[in-house]
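# Survey of secondary and tertiary structure
Now for the letters of each chain:
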Amino acid sequence: MKFHPRILAGTALSLLMASSQSGAMSIGNELAASPNLTRTLEMVVQADCLEGETAEACALRLRQGAPAEQVPAPVPETNPAPEAPATPSPEAPASDQPAPEAPAAEPAPVRSDQPPAEQPAAEQPVPEVPAAVPAPAPSDQPPAEQPAAGPSVPEAPANQPVQPTTGGQAPQSGEKPADPNPAPLLDSQKEAPAEEGGGQLGQAGDKAAQPAPQLDQAPPPASDAAATEAAQPAEIQPVTVEKGTRVERASDQDMRRRERPEGVDVLREIGDRIIIQINNQVIVESNDRPRMSRGAREVYYEDLPRGRTRETIVRENGTQIVTIRNRYGDVIRRSRITPDGREYVLVYVDELNYDRVGDWRDPGLDLGPIHLTIPANEYILVAANVQEPDDYYEFLEKPPVERVQRLYSIDEVKRSARVRDIARRVDLDTLTFEFGSAEIPQSEVVKLEGVAKAMERLLEKNPAETFLIEGHTDAVGSDLDNLALSDRRAEAVAEALTNSFAIPPENLAPQGYGERYLKVNTEESNRQNRRVAVRRITPLVAPVAAAK
């Protein structure tokens, strides 16, 4: 039978200690008198020493009468394999006995998994390490690459349910994706933890001041109507019912001079894009009026009460696109009025929520963690995996993955990762961009055909559908420049959908997110990160009974 050296040494020491009540003192006296005995007993003493403790210090500690429970019990002979490391003793008063100085030639090894001396061993146990295999030093492991946008979340297998975290929370730092090219599932999982009070868009201290929202454990809604039942307005007045005052130019039309809420800073102007900061979040703004009014017969503006502006675009066929913005330029109402007078409500924010929109507070802070039990491929459709042309349509017509608490403005959806996560996402990974470019070659436009046909079919059923077009970049270059570039990419896709496939511009809402939500977790140039994504956000911004 093979005996472990430490078992034999521990047994020998136990016999010596048990032979006499003065055994410990005798050993101490003999050590000073006999160097040979010192070397012999050093092997015995070290068997019960703490890791990094010298033999002299160990013998001194044992001679002073350490509690019996601190000495590791002998391991049974029938199980000599892995041995638990010695548990550190509680902190002893330094004034009673100073610790002996360790020899310079044999420094004590440092263990990252050993708890601090002041922590009880029961609260921070030391993991078991096989005796024959030393634990790897942490310094041998290179740090995981983390882009500025935050840690990524591995893509779940297609037949496995999505395992999301709470909104705005990142995965634990020790997790490593099995997939070498992990793709994020939820944008809110990619959000960097807030340093001050959790503000993405909210005022500092929002999360600390608000009680934690409850987890909605209900299954995914079966239809848009079921998803938005609680958000339906009691009555919708026509968009033209309010009396307005005709003006030459809307006060919010010039983004550089428009009024902004308190606490919003303009960081930079990049071409026709404005980069602003709201608390801890940086956002890119662009003007959709040129895209909306291209080829219009007439465009006019009216001032409405409470600082709002109504814009009316009259197309050549007589169709009117009427948009109401608040004093800061956020879209809070949008309707299409056909030549026969029929109104389709594309965006609707109840008057009771006007103040919420104007506060520029992230509405996602009012929502609990997302609870998804559906497979990942039912939450994210990857274009490269599409087998049939109908796959886009069948995916986009599916309802939100949780109930909608209220109807949001277009800008609230654009700015809130948690709110966007309610809508399923199509990753158009087959359409990518050249480095630093937002141009879509004509040969690449054909890759939009599948999603464009799905949009066309959905608009035939409901002309009030709204689709969010998300633009993204890789992590190379300036964060602010990437925000502007990603916004131009989103707009380029919206323009292509309108010019090549006749999708009305008012049904498309482009927005850039820069490098914030990387698909491939790398700070190097990567084509897969230079992409766009599409969500059908109609249930988030419009009532189900959209046609009047």
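As the structure is a prediction and not an experimental result, all values here were calculated from the model.

## Side note on the sheet that holds strand β13 (residues 508-512)
Pairing within the open sheet is mixed, and its 5 strands lie in the order β10-β11-β14-β12-β13. Looking at strand neighbours, the two that pair on one side only are β10 (380-382) and β13, the edges of this open sheet. Pairwise comparison of adjacent strand axes, ignoring direction, gives a mean angle of 20 degrees for this sheet. Where strand β12 (residues 467-471) meets strand β14 (residues 532-536), 5 bridges bridge the pair, whose relative direction is antiparallel. Bridge pairing in β14 links L468 to R535.

## Some words on empty space enclosed by the protein
Applying the stated criterion across every chain, the model contains 6 cavities of 30 Å³ or more. The volume enclosed by the largest cavity comes to roughly 380 Å³. Lining the largest cavity are 29 residues, with S286, N287, D288, D411 and K414 positioned closest to its centre. Among the elements of the structure, β4 (281-285), α8 (289-293), β8 (331-337), α11 (410-415), α15 (479-501) and β13 are those that each provide at least two residues to the lining of the largest cavity. Split into classes, the residues belonging to the lining of the largest cavity amount to 9 nonpolar, 5 polar and 15 charged.

## A short note on the side chain of E412
Along the chain, E412 falls in helix α11. By relative accessible area, E412 is classed as buried at 5%. Ignoring anything within four residues of it in the chain, the contact list for E412 reads R356, V357, P363 and R406.

## A short note on the sheet that holds β4
Reading across from one edge, β2-β3-β4 is the order of the 3 strands in this open sheet, with antiparallel pairing throughout. Because the sheet does not close on itself, it has two edges, and the strands there are β2 (264-270) and β4. When the angles between neighbouring strand axes are averaged without regard to direction, this sheet yields 25 degrees. Where strand β3 (residues 273-278) meets β4, 5 bridges bridge the pair, whose relative direction is antiparallel. Bridge assignment links Q277 to a residue of β4, and that residue is V282. Here α15 sits on the sheet in contact with β2, β3 and β4, set at roughly 120 degrees to β3.

## Describing the confidence of the model for the protein chain
Averaged over all residues, the pLDDT of the protein chain equals 73, while 61% of them reach at least 70. Every residue in residues 1-47 scores below 50 in pLDDT, and together they form 40 contacts with partners more than four places removed in sequence or on other chains. Predicted confidence is poor over residues 193-209, with pLDDT under 50, and the contacts of this stretch with residues over four places away or in other chains come to 39 contacts.

## A short note on the pattern of salt bridges
Inspection of every chain in the model, using the stated rule, returns 42 salt bridges. For E412, the salt bridge is made with R406, and the minimal N-O distance between the two is 2.8 Å. Here the two residues E412 and R406 agree in accessibility, since each one is buried. When the shortest N-O distance is used, the salt bridge between R535 and E470 registers 2.5 Å. Here R535, found in strand β14, pairs with E470, found in strand β12; they are 65 residues apart in sequence, far enough to count as distant.

## Focus on the pairing of strand β6 (residues 308-314)
The side chains of a regular strand alternate, residue by residue, between the two faces of the sheet. Across the 7 residues that make up β6, a large majority, 7, are buried. Of the two faces of β6, the one lined by R308, R310, T312 and V314 and the one lined by T309, E311 and I313 are each fully buried. Pairing of strand β5 (residues 298-304) with β6, which is carried by 7 bridges, proceeds in the antiparallel orientation. Each residue of the ladder has a partner; that of V299, found in β6, is I313. Hairpin connection, β5 to β6: the antiparallel pair is bridged by 3 residues, and R306 has positive phi, about 65 degrees. Bridge count for β6 against strand β7 (residues 320-325) is 6 bridges, and the pairing is antiparallel. Pairing of V314 across the sheet is with Q320, part of β7. Between the end of β6 and the start of β7, which pair antiparallel, lie 5 residues, with G318 showing a positive phi angle near 95 degrees.

Conventions adopted
Residues numbered from 1 in each chain as written. Predicted model: local features only at pLDDT ≥ 70, side-chain atom pairs only at ≥ 80, totals over all residues. Heavy atoms only, no water. Pairing = 2+ DSSP bridges. Helix = DSSP H or I, 4+ residues; strand = E, 2+ residues; numbered from the N terminus. Axes fitted to C-alpha atoms, helices over the stretch in contact; angles between N-to-C directions. 1 Å grid on protein atoms, 1.4 Å probe; cavity = no way out; pocket = protein on both sides within 12 Å on 5 of 7 lines; lining within 4 Å. Points joined across faces, edges and corners; volume = space filled by probe spheres on them. Nonpolar A, V, L, I, M, F, W, Y, C, P; charged D, E, K, R; others polar. Buried < 20%, exposed > 50% of the residue type's maximum accessible area, 1.4 Å probe, protein only. Contact = heavy atoms within 4.5 Å. pLDDT = per-residue confidence, 0-100. Salt bridge = Lys/Arg side-chain N within 4 Å of Asp/Glu carboxyl O.

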